[in-house]
Amino acid sequence: MRVLFCSSEVVPFAKTGGLADVSSALPDELRSQGVQCDVVMPLYRSVKKSGIALEHIADISFLSGQGISQGRIFSHGPTYFIENDLYFNRDGYYSYQGRDFPDNLERFAFFSRACVELATILEGVDLIHCNDWQTALIPAYLHALGLTDFSTCYTIHNLAYQGVFESALWPMLFLPYELFHPDIMEFYGHINVMKAGIVFADMVTTVSPSYAAEIQTPEFGMGLDGLLRAVSFKLAGIVNGIDIRVWDPLHDGHIAQAFSIDDLSGKAACKRDLQERFSLEKSSGPLLALIGRMVDQKGIDLVVSAMDEIISLGAQVVVLGTGDRRHEQDLLSLSAGHAGRLGVIVGFDESLAHVIEAGADFFLMPSRFEPCGLNQMISMRYGTIPIVTCVGGLKDTVTALGEGDNPTGVRVKRPTVADLLAAVRRACDLYQDPKGSLSATRGNAMRKDVSWRHSAIQYYNLYAKMINFRERRR
Ligand code: ADP
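Residues numbered from 1 in each chain as written. Predicted model: local features only at pLDDT ≥ 70, side-chain atom pairs only at ≥ 80, totals over all residues. Heavy atoms only, no water.

Please set out the sheet that holds strand 18 (residues 362-365) residue by residue, giving values where relevant.
Taken in spatial order, the six strands of this open sheet run 17-16-15-18-19-20, and their pairing is parallel. With partners counted over all chains shown, the strands left at the sheet margins are strand 17 (342-346) and strand 20 (410-412), one partner each. Pairs of neighbouring strands in the sheet enclose a mean axial angle of 20°, with direction left out of account. In this sheet, strand 17 lies alongside strand 16 (residues 316-323) in parallel orientation, the contact comprising five bridges. Directly across from L320, in strand 17, lies its bridge partner I345. Taken strand by strand, helix 11 (residues 325-337) contacts strand 15 (287-294), strand 16 and strand 17, and its axis lies near 145° from that of strand 17. Sitting on the sheet, helix 12 (residues 350-359) touches strand 15, strand 16, strand 17 and strand 18, and the angle it makes with strand 15 is about 145°. (Pairing = 2+ DSSP bridges. Helix = DSSP H or I, 4+ residues; strand = E, 2+ residues; numbered from the N terminus. Axes fitted to C-alpha atoms, helices over the stretch in contact; angles between N-to-C directions. Contact = heavy atoms within 4.5 Å.)

Have a look at this one:
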C-alpha cells in the first residue's frame, strides 16, 4: 500500500500546532506497519535555512494563481517538499506578526495542485491523505482533472479553520465554475475550501469519535453541520496519538532528570527546575501549567478570569503560548501582579514545552471545543494530571475522577469560570489527599496507552477499504 500524506506542517520541519505532530507521527507508525507512506509539505524558508540535504526530484508547471505557475519538488528521506519561492520563501507559515497572508488561497491552491502532480510522478500511489483546509482542494483537482486512480481520505483537524475566501478569487483556482455551488464549495457567497475536501474525498475523518459526532450539530458544526450530516455515511472519528519516542520522560534530553512510573524522584527535580526557569518561589503546593495557542477555543479567557483565585488557593501557575494579543497581554499583566506565583512566557518553545510537561503537577485545558488535543495525552505520559472539559478528544482520552475506573484526570463540567475553579479546587484536594490518590491517578495516567499504534491500525483498515472499493469499481 502506498500513501501520499499531504500537510502544510510537519515536525521537525514546521509546526504551529497539533497537525505538525500528527503529520510526522502517524506516517511513521504507518511505515512501521508496512505502508509505504510519503509525506509532502511546502518548502518554507525555515526548511531552506535549516540546511538539510534536499534531492531534486522534478520541475512542475501547471495553471494556478495568476496563470502558469512553476515550482520544483525536492525530497529528504520519505518527505517531499514543494518549492515556490514566491509563495513559501518568507517568514511565517500562514501569517506574519498576527496577520494572515493575503495570498493564502493562492499559496495553498498551488500547493494542493502540486501534490496532485507529485502523486502522478511517484509510482503506485494508491491513496492521497489530505489534511485541513490547506490541502482540501486536492480531491477537487483530482475530480476536475479526471484522475480517478487515487483513493482520497480527508481529515479535519479543526473545523474552526475552513479556509473561507472572497468569491472574486475563484479564477485563480482554475476549477470549473460549476463547483462554486452551495452543495459544493460556495458558502454564503464565499469560497469555502474545506467543503471541497468534505464533498470530494472518498472518506472524511476527524480526530476523535466525539468530535465526529459534535460537528454534526449546530452547536459545534460552524455552519457545516448540515453538510457533515449529509456525508455522515463516510465520516469517521479516529483519535490521535502522540509520538511516544519524542514524548518520553525516561529518555527526554530536554528535562532536568529522567523519570518513570517506577521511580518518580526525577519528576520532583523537574518541578524544581521548572520553578527556577519561571522565577517561581520554592513551594510545595501544586504547580499548574498551560501550553497552547492563546485563542478563545482553549478557554484562555476563563483561565485569566480565574487566575487570582487559583493563586489564592496556594497553587502556582506557568503559561507558555502565543496567539491573540488580548490574551497574551492579560496574562502578562496578571504575572506582574503575582510575581513568584505565576510565570508567563509568550512565545513558541518546543524544548520549554517538554520542561513544563515534566515539571508540572496539573495541566489546564478548559477548551470550549477540542477536536482531539495532544497536550492532555502528553501530560498523562509525564504524570501531569490534565484538568479538562468534556468535549471532543478530551472526552475520549481522559477518564476523570468520579467518572470511571482508573481515572487519569479532573473534569471541568462546563467551560465557565465557576466550573474551572471547582475543578482546580478538586485538583488541589487531590494533591493534598493523605490517602495517596495523587500518586494513584498519576500512575493511571502514565500507564495509559497514548501511542499511535491502535489509531494507525484504524487508518490502515480504512485505507484498505477505500483502495479495495476503488479497485472493484474499475
Ligand atoms: P492545537 O493543534 O489545537 O494547537 P493540540 O493540543 O492538538 O492543539 O497540539 C498542540 C501542540 O503544539 C502540542 O504539541 C503543544 O505542546 C504544542 N504547542 C502549542 N503551543 C506551543 C508553544 N507556545 N510552545 C511550544 N509548543 C507548543
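Next comes the rest of the description.
Kindly report on the site of the ligand, identifying the contributing residues and their values.
Contacts to the ligand come from 19 residues, most closely from G18, R293, K298, G347 and L374. K298 has a polar side-chain atom sitting 2.9 Å from an oxygen atom of the ligand. L374 has a polar backbone atom sitting 2.9 Å from an oxygen atom of the ligand. Taking 570 Å² as the accessible area of the ligand by itself, protein coverage stands at 93%. Of all the secondary-structure elements, those providing two or more residues to the shell around the ligand are helix 1 (18-32), strand 15, strand 16, helix 12 and helix 13 (375-381). Here the residues of the shell around the ligand sort into six nonpolar, seven polar and six charged. Residue contributions to the shell around the ligand reach at least three from each of two domains, namely domain 1 (2-241 + 453-473) and domain 2 (265-447). (Near = heavy atom within 4 Å. Polar contact = N/O pair within 3.5 Å; in protein donor to acceptor, adjacent residues only side chain to side chain. Areas by Shrake-Rupley, 256 points an atom, 1.4 Å probe, with all protein chains shown as cover. Nonpolar A, V, L, I, M, F, W, Y, C, P; charged D, E, K, R; others polar. Domains from an automatic or database assignment.)

None of the figures reported here should be taken as evidence of function without further support.
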